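Results of the structural survey
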Amino acid sequence: MIDLESVRLFILCVELGSLTKAAEAAGTVQPVVSQKLKLLEQRIGRRLIDRSPRHLRLTEDGQVFLPKARELLAKHEEALVFSDETPLHFSLAASDHAIGSRLSTAIRAMRAALPANAVIEVEIGFSRRAKDRFASGQADAAIIRRNGGGPEGEILRTDRMGWRAAPDWRRRANSAVPLVSLGSECAVREIAVSELGRAGVEWRDAFTAGSCSVLHEALLAGAGVAPLGDISARGLPDRGAELGLPTLPPSDIVLLSRARTPAHASAIRALAAAVSGTGD
């Protein structure tokens, strides 16, 4: 028989891109994950992953086995669910600027950690809104940006802020900097505007986006320049020094959470591992 915990750890390794992160998500340690994967490979008779403690790559056999592993785990979870049971509900509130390009990884990790019939609810907005939803009990977890420190929550990473623009965008001489942002409610915009004022740099609102994905598209369209952390920059480099713009202070990415059940605790561990990971 195939050990289902080994299968689950294999999927987590793939989703998070690291044995170390998979161990964090599963509440164990990296050597245990490595041993479980070895036993799984021995049982199947194929090498599934070329791995190191922090990076991994699926082999051709691993790519073939991955959908089978997901189906096997889903069928196992399905067998444990009875029609009269209420599906588990997990709610995440997150700042768009805080979760950034890690959102899809976070969703995959939560799905792998929760029962197959679980309902996952995700609301993306501003940090203030995410924090309020958590405080009111409407969210099991919240991912927020925090400047200036604070005692609440678990710091997942420190995110370097920078000025992002399209690769071919050029700042026009003697003209106000065209600012692309999420609007006046956005704390990241507040910080950027404050630093521009402190440096005596003229600016103007040029484009207001409803999400970081739209903001990114506006940058690629040449709408202007935006203050963004590495986690949401989608590979756009910091061009602040080149464009004569002031240095922006880094922010902490913070997790607020409460575990109502062991399954919620598993999802929270997986979420933390996904957001704290590298590869943005």
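Residues numbered from 1 in each chain as written. Predicted model: local features only at pLDDT ≥ 70, side-chain atom pairs only at ≥ 80, totals over all residues. Heavy atoms only, no water.

Under the annotation held in an unreviewed UniProt entry, the protein chain carries the name LysR family transcriptional regulator and is attributed to Agrobacterium cucumeris. In the Sequence similarities (unreviewed entry) part of its UniProt record, the protein chain is described as follows: "Belongs to the LysR transcriptional regulatory family." (UniProt positions renumbered as here; feature names shortened; annotations may be inferred.)

1. Considerations on unusual backbone geometry
Of note in the backbone geometry, Asn174 takes a positive phi value of approximately 60° without being a glycine. With respect to the element layout, Asn174 can be found in the loop between strand 7 (161–164) and strand 8 (177–181). (Helix = DSSP H or I, 4+ residues; strand = E, 2+ residues; numbered from the N terminus.)

2. What about the environment of Arg133?
Its location among the elements puts Arg133 in helix 7 (residues 127–135). Take Arg133: its relative accessible area is 7%, and that puts it in the buried class. Once the C-alpha coordinates of Arg133 and Ala93 are considered, the two residues, 40 residues apart in sequence, prove to be 6.9 Å apart. If near-sequence neighbours (up to four positions away) are discounted, Arg133 is found in contact with Ser91, Ala93, Glu121, Glu123, Gln138 and Ala139. (Buried < 20%, exposed > 50% of the residue type's maximum accessible area, 1.4 Å probe, protein only. Contact = heavy atoms within 4.5 Å.)

3. Concerning the pairing of strand 10 (residues 226–229)
Along any regular strand the residues' side chains alternate between the sheet's two faces. In strand 10, alternate side chains face the same way, and those of Ala226 and Leu228 on one face and Pro227 and Gly229 on the other are all buried. For strand 7 and strand 10, the ladder comprises four bridges, and the chain directions are antiparallel. Residue pairing for strand 10: Met161 is matched across the bridge by Gly229. (Pairing = 2+ DSSP bridges.)

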